[in-house]
Amino acid sequence: MPQRVLIAGTSPLLAARLAARCLTATDAAGTEVVLLSAVRSGPGAPAPGRRELADYVMRCGTGDGVPDASGAGRLTVVCAEPDAVAAELTARSAERVWCVVPGWDRSPARGARADAALTGSLLTALPALGARGYVHVGPDTTPDDGLAHPAYRDLERLAVEACLNAGVSWRVLRTAPVVDAGAPELGECPPGAHRLLWALHSVRAEIADRVPDWFERHPLRVAGTAGLGLPLLDAGQAADGLWRAGGTGDLPDGFAVVPRSAPVPLADVLARAGAVYGVDVRPVPDRDAFEAADRLLDLRLTDVRRQSVPLQDADAASAPASPRSSPPGGAGGGEAASAPAALSPAGQWEVFGAVRARQSSSGGVRDAGLRRRDVEVAGRPLTLFEGGSGDGPPLLVLNALGQGPGFLTRLCAHLAPHHRVVTWQVRGTERADPAWGTRHQLDDIDAVLGAVGAGHAHLLGWCTGAKIATAFQQHRPDAVASLVFLNATFRQDGRWDGMDTKYEADLAAVCRALDRRPDRAARMLDLLAPGAAGGRGSPGARDAGVLGVLSGALADEVRRPFRDAEVLVRYARQLVDLWRLDSAAQAPRVAVPALFVCSEFDGISSPARAREAARCFPRARYAELAVAGHYAPHDRPALVAELITEFVRAPHEVADLVRHAEITWHVDTEGTAR
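Residues numbered from 1 in each chain as written. Predicted model: local features only at pLDDT ≥ 70, side-chain atom pairs only at ≥ 80, totals over all residues. Heavy atoms only, no water.

It is worth spelling out the overall build of the protein chain at this point. Across its full length, the protein chain carries 25 helices and 21 strands. Total accessible area on the protein chain is roughly 25500 Å²; 51% of this is exposed by carbon and sulfur atoms. (Helix = DSSP H or I, 4+ residues; strand = E, 2+ residues; numbered from the N terminus. Areas by Shrake-Rupley, 256 points an atom, 1.4 Å probe, with all protein chains shown as cover.)

Have a look at this one:
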């Protein structure tokens, strides 16, 4: 019988699969489907657009075939942020409403918030929509992650109560994470197998950017896989199971579960995936001999191990689940379907290969798309780079002294789809520049704000840019919305002595000598070439190995301040002037939120000093990236951009919203760094 079906979800993958299943159902000929994707787009996880979702629905294979041309005419796709769904529903009607909130966001807190917003909007709108049936799809949190479970059970109870009050029939369904070759193009990375593939892809890309042939000679070692298996549930099978449990109109109120497939040994999945990615993955009994590259993969597999199950419990994991008890006031439980078969070895090869191909086509070096223009400041041209989109104050990116824009190109490319981004060529080291001290840098920020028509902005300071950003906040408090410090150096005369990295100590000695005797610059050029990315990190830290090698894309950039004697003298004098600036005295008066993002293996700027500096800021958050170096904004732009984006959206909640195993948060109960 034709009807209108609204399928709204925070998982575009699963919601689109259900839309395809609805369009091809034999008992739903002529049914019109509205697919509402409620995804908050962010760096590293862009939300798909309407065309991408429509194309995906139309090519999804299901048990009953692929939607034909008539299906395209019966499908409407709507994309909205979770908190904008209510407005989208005001002009809609639907006899049956699906709410697809499987809890697959990489951040449990962020995901639970978006899922609660979508669920609340749909339940409130049920009477106005004219709905006669409501189907709630949530996560089967077994094994339970310890974070999402209570929130999603609360949503189920809320759904049952709302349906009872509105006189709407209801079904509550639960599903495990799925595997699907189309996940990357939809910006989705469900738990389990997709997180494993992302871990291999991201580690391989980060290492190959430094040493392209490294994997031809070195394996990656993994531990903690013995006795564990990973369920591999095909997305099409999951959609079929959900449709059988909730798509038929005469089903009684109640609960049902799409069981997990039988687990595949985790070591086998890693071996197949490693072969697809060209990585020799070797299981080892423990982590004692891990090198930095092994540690990075191990950290990124943390969530994968959480989703794994003991192989000796395979029979129990794949057996039909007993009916779940209903929440207070709810109806009785429903029968669970038999367990689907695990993805076959041939299927794994096919899906893993397709995922890698899509990752490779969409995960390369992005173009920031920044426009260049010159503005006149103090009678001389200042070169601006600006672009991006987004509401709110722009992000002003303060580069390090003496550096070109190349260090931050990748970061700006990940920020630009979500923010208005502005950066500029820092002045004072080029031969045509006059002497340009810290005060002149503050004047340039003033001029940039005026040139882009912004009354205030978020300031991002990389390396030496952090001290200048702090000074500008004191100079113009009304013009600064927040501060972000990336691999910051807060070196200053007579403060935090003994915390220099070796590179900082050498640089300080040479710069002071050149300030007094500039004629010696030619002989000192070779002493300061940074070479690698500062791979040894803090005193006592393990060696960064290949992750301490400088990316080839930055080779010319790091040499910029050392390309000749005159430029070196100018650079040295800028640093000597900056080290006189007392940021420690300024910091307690900084009233805006501040985010520090530093790196374990930063051998250029001291992480220990940055932690001490963070204590001086009343509203600071401090995040340290494991197994990362000084150029983390270049090496891990998606992760750094995610930190910045969530901080700008909700500065007091960023430590809860961005939870990755490779991030260590140093935050006490009052929100100040420790």
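Picking up after the structure, the text goes on.
So, about the nonpolar core. The biggest cluster of nonpolar side chains holds 102 residues, and the ones touching the most others in it are L396, L483, F485, F596 and F617. Of all the elements, helix α20 (residues 565–579) adds the most residues to this core, at eight residues. Once residues within four sequence positions are removed from consideration, F596 is found in contact with F485, F490, A610, A613, A614, F617, A620, R621, Y622 and A623. A273, V355, V546 and V627 belong to the second-largest nonpolar core, a separate cluster that totals 41 residues. (Core = buried A, V, L, I, M, F, W, Y, C linked by side-chain atoms within 4.5 Å. Buried < 20%, exposed > 50% of the residue type's maximum accessible area, 1.4 Å probe, protein only. Contact = heavy atoms within 4.5 Å.)

Next up on the list: the side chain of Q574. By the element assignment, Q574 lies in helix α20. The class for Q574 is buried, based on a relative accessible area of 6%. Polar side-chain contacts of Q574 include one of 3.2 Å to the backbone oxygen of W436. Those residues in contact with Q574 that lie beyond four places of it in its chain are L401, G402, R427, G428, T429, W436 and Q441. (Polar contact = N/O pair within 3.5 Å; in protein donor to acceptor, adjacent residues only side chain to side chain.)

Look at helix α7 (residues 193–208) against helix α9 (residues 266–277): their axes get within 10 Å of each other, and the N-to-C directions meet at 40 degrees. Judged by the angle between their axes, α7 and α9 are oblique. Seen from above, α7 lies across α9 with right-handed handedness. Across from L196, L197, L200, H201 and R204 in α7, the residues of α9 making contact are L266, V269, L270, A273, G274 and Y277. (Axes fitted to C-alpha atoms, helices over the stretch in contact; angles between N-to-C directions. Parallel < 35°, antiparallel > 145°, perpendicular 65-115°, else oblique. Left-handed = near helix turned anticlockwise from the far one by under 90°.)

Here we come to the sheet that holds strand β10 (residues 263–265). Read from one edge of the open sheet, three strands run β10-β8-β12, paired in antiparallel fashion. Both edges of this open sheet fall to β10 and β12 (309–310), since each of them pairs with a single strand only. Pairing of strand β8 (residues 228–231) with β12, which is carried by two bridges, proceeds in the antiparallel orientation. Bridging across to β12, G229 finds its partner in V309. Against the sheet, α9 engages β8 and β10, with an angle of about 70 degrees to β10. (Pairing = 2+ DSSP bridges.)

Look at C463: it is not a glycine, yet its phi comes out positive at around 60 degrees. Note that C463 resides in the loop between β17 (457–462) and α16 (465–475).

Moving on, we get to the packing of α7 against helix α13 (residues 345–362). In contact at an axis separation of 11 Å, α7 and α13 are set at 45 degrees when each is read in the N-to-C sense. Accordingly, the angle class assigned to the pair α7 and α13 is oblique. The hand of the α7/α13 crossing is right-handed. Contacts between α7 and α13 involve H194, L197, W198, H201 and R204 on the former and, on the latter, F352, V355, R356, Q359 and S360. A class-by-class count of the residues in the contact of α7 with α13 yields four nonpolar, four polar and two charged. (Nonpolar A, V, L, I, M, F, W, Y, C, P; charged D, E, K, R; others polar.)

Our focus in this paragraph is the confidence of the model for the protein chain. Averaged over all residues, the pLDDT of the protein chain is 87; the fraction at 70 or higher stands at 88%. Helix α12 (residues 314–318) is the least confidently modelled element of the protein chain, averaging 46 in pLDDT, while strand β18 (residues 480–486) averages 98, the highest of any element. The low-confidence segment residues 314–336 (pLDDT under 50) makes 42 contacts with residues lying over four places distant or belonging to another chain. A low-confidence stretch, residues 669–674 stays under pLDDT 50, and its non-local contacts, those more than four residues away or across chains, total 17 contacts. (pLDDT = per-residue confidence, 0-100.)

A word on the pairing of strand β4 (residues 96–100). Across the five residues of β4, five count as buried, placing the element largely inside the fold. What you see with β4 is no split at all: R96, W98 and V100 on one side and V97 and C99 on the other are buried throughout. Sheet analysis places strand β1 (residues 4–9) next to β4, joined by five bridges and oriented parallel. Bridge assignment links A8 to a residue of β4, and that residue is C99. As judged from the five bridges shared by β4 and strand β5 (residues 133–139), these two strands associate in the parallel manner. If you follow C99 over to β5, its bridge partner there is H136.

Per the counting criterion, the structure on display carries six cavities of 30 Å³ or more. Estimates place the volume of the largest cavity at around 270 Å³. In terms of lining, the largest cavity is formed by 23 residues, of which the most central are C463, Y503, Y571, I604 and H630. Counting only elements with at least two residues in the lining of the largest cavity, the list comes to α17 (502–516) and α20. Of the residues that constitute the lining of the largest cavity, the class distribution is 16 nonpolar, five polar and two charged. (1 Å grid on protein atoms, 1.4 Å probe; cavity = no way out; pocket = protein on both sides within 12 Å on 5 of 7 lines; lining within 4 Å. Points joined across faces, edges and corners; volume = space filled by probe spheres on them.)

On to α17. Over its 15 residues, α17 extends 22 Å from the first C-alpha to the last, a length consistent with the 21 Å expected when each residue adds 1.5 Å. Inspection of α17 places Y503, E504, L507, A508, V510, C511, A513 and L514 among the buried residues, and these make up the whole buried set. (Expected span 1.5 Å × (residues − 1).)

To continue, consider the packing of aromatic side chains. Aromatic rings considered in pairs are described by the distance between their centres and by the relative angle of their planes. What the rule picks out here adds up to 14 aromatic pairs. An angle of 45 degrees between the planes, with centres 6.1 Å apart, marks the rings of W462 and Y631 as tilted. Of the two residues, W462 sits in strand β17 while Y631 sits in the loop between β20 (620–625) and α23 (632–635), which places them 169 residues apart along the sequence. When its relative accessible area of 3% is taken as the criterion, W462 is described as buried. Ring centres of F596 and F617 lie 5.5 Å apart, and the angle between their planes is 75 degrees; this geometry places the pair in the edge-to-face category. Taken as a pair, F596 in strand β19 (residues 594–599) and F617 in the loop between α22 (607–614) and β20 lie far apart in primary sequence, 21 residues in all. (Phe/Tyr/Trp six-rings, centres within 6.5 Å; stacked < 30°, edge-to-face > 60°.)

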